[in-house]
Amino acid sequence: MKILRLKEVITVTGLARSTIYEHIALKQFPKPLPLGARAVGWLDSEISLWIEQRIAERDNT
């Protein structure tokens with residue numbers, strides 16, 4: 001299991017920071033894990049699943 005920091009999530013998804021947090025607020029993106037007082041991260045597996053779901057949605061339309 002690997003934890004991705006925001007810069008890695010931005011790179012992997014191609015989304016901007018503001019877009020990621022917008023999707024989180026709308027419950028359309030994995031919630032970050034608190035890592036410390038001011039640090040968060042995301043599980044690599046959850047981000048991968050989110051990407052796979054986007055691909056599946058694209059392929060089903």
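Use the structure listed above.
What you see is a predicted model, and the numbers here were worked out from it, not measured in a lab. Sequence order as written defines the numbering, with residues in each chain counted from 1. pLDDT decides what is reported in this predicted model: residues at 70 or higher carry local features, side-chain atom pairs at 80 or more are listed and counted, and totals for whole chains, interfaces and linings draw on all residues regardless. With hydrogens and water stripped out, all remaining heavy atoms of the structure feed into the side-chain values.

Colleague: Would you mind going over the packing of helix H1 (residues 6–13) against helix H3 (residues 44–59) in detail, with residue names and values included?
Modeller: It is the contact of H1 with H3, at a shortest axis distance of 11 Å, that shows an interaxial angle of 20 degrees. Taken together, the axis directions place H1 and H3 in an arrangement best described as roughly parallel. As for the relative orientation of H1 and H3, their crossing is right-handed in sense. From H1, Val9, Val12 and Thr13 reach across to H3, where they touch Ile47, Trp50 and Ile51. Across the contact of H1 with H3, the residue classes break down as 5 nonpolar, 1 polar and no charged. Axis definition: a line fitted to C-alpha atoms, over the contacting stretch in the case of helices. Angles run 0 to 180 degrees between N-to-C directions. In this text, helices come from DSSP runs of H or I with a minimum length of four residues, and strands from runs of E with a minimum of two, each type numbered from the N-terminal end. Convention used here: angles under 35 degrees read as roughly parallel, angles over 145 as roughly antiparallel, angles from 65 to 115 as roughly perpendicular, and any remaining angle as oblique. By convention the crossing between two helices is left-handed if the near helix lies anticlockwise of the far one by an angle smaller than a right angle, and right-handed if it lies clockwise. When checking whether two residues touch, look at their non-hydrogen atoms; a contact exists if any pair is within 4.5 Å. Lys, Arg, Asp and Glu make up the charged group, whereas Ala, Val, Leu, Ile, Met, Phe, Trp, Tyr, Cys and Pro make up the nonpolar group; the residues left over, Gly among them, are polar.

Colleague: Could you give an account of the sheet that holds strand S3 (residues 40–43), with specific residues and numbers?
Modeller: Paired strands are those between which DSSP finds at least two bridges. Judged by pairing direction, the sheet is antiparallel, and its 3 strands sit side by side in the order S1-S3-S2 without closing on themselves. With partners counted over all chains shown, the strands left at the sheet margins are strand S1 (3–4) and strand S2 (33–34), one partner each. Pairing between S2 and S3: 2 bridges, direction antiparallel. What sits directly across from Pro34, in S3, is Val40.

Colleague: Could you give an account of the side chain of Thr13, with specific residues and numbers?
Modeller: Note on placement: Thr13 falls in helix H1. N or O atoms closer than or at 3.5 Å make up a polar contact, with two conditions inside protein: a donor-capable atom paired with an acceptor-capable one, and, for residues adjacent in sequence, both atoms drawn from side chains. Of the polar contacts made by the side chain of Thr13, one reaches the backbone oxygen of Val9; its length is 2.7 Å. At 3.2 Å, the side chain of Thr13 and the backbone nitrogen of Leu15 are in polar contact. Look past the residues within four positions of Thr13 in its chain and what remains in contact with it is Ile20, Phe29, Ile47, Trp50 and Ile51.

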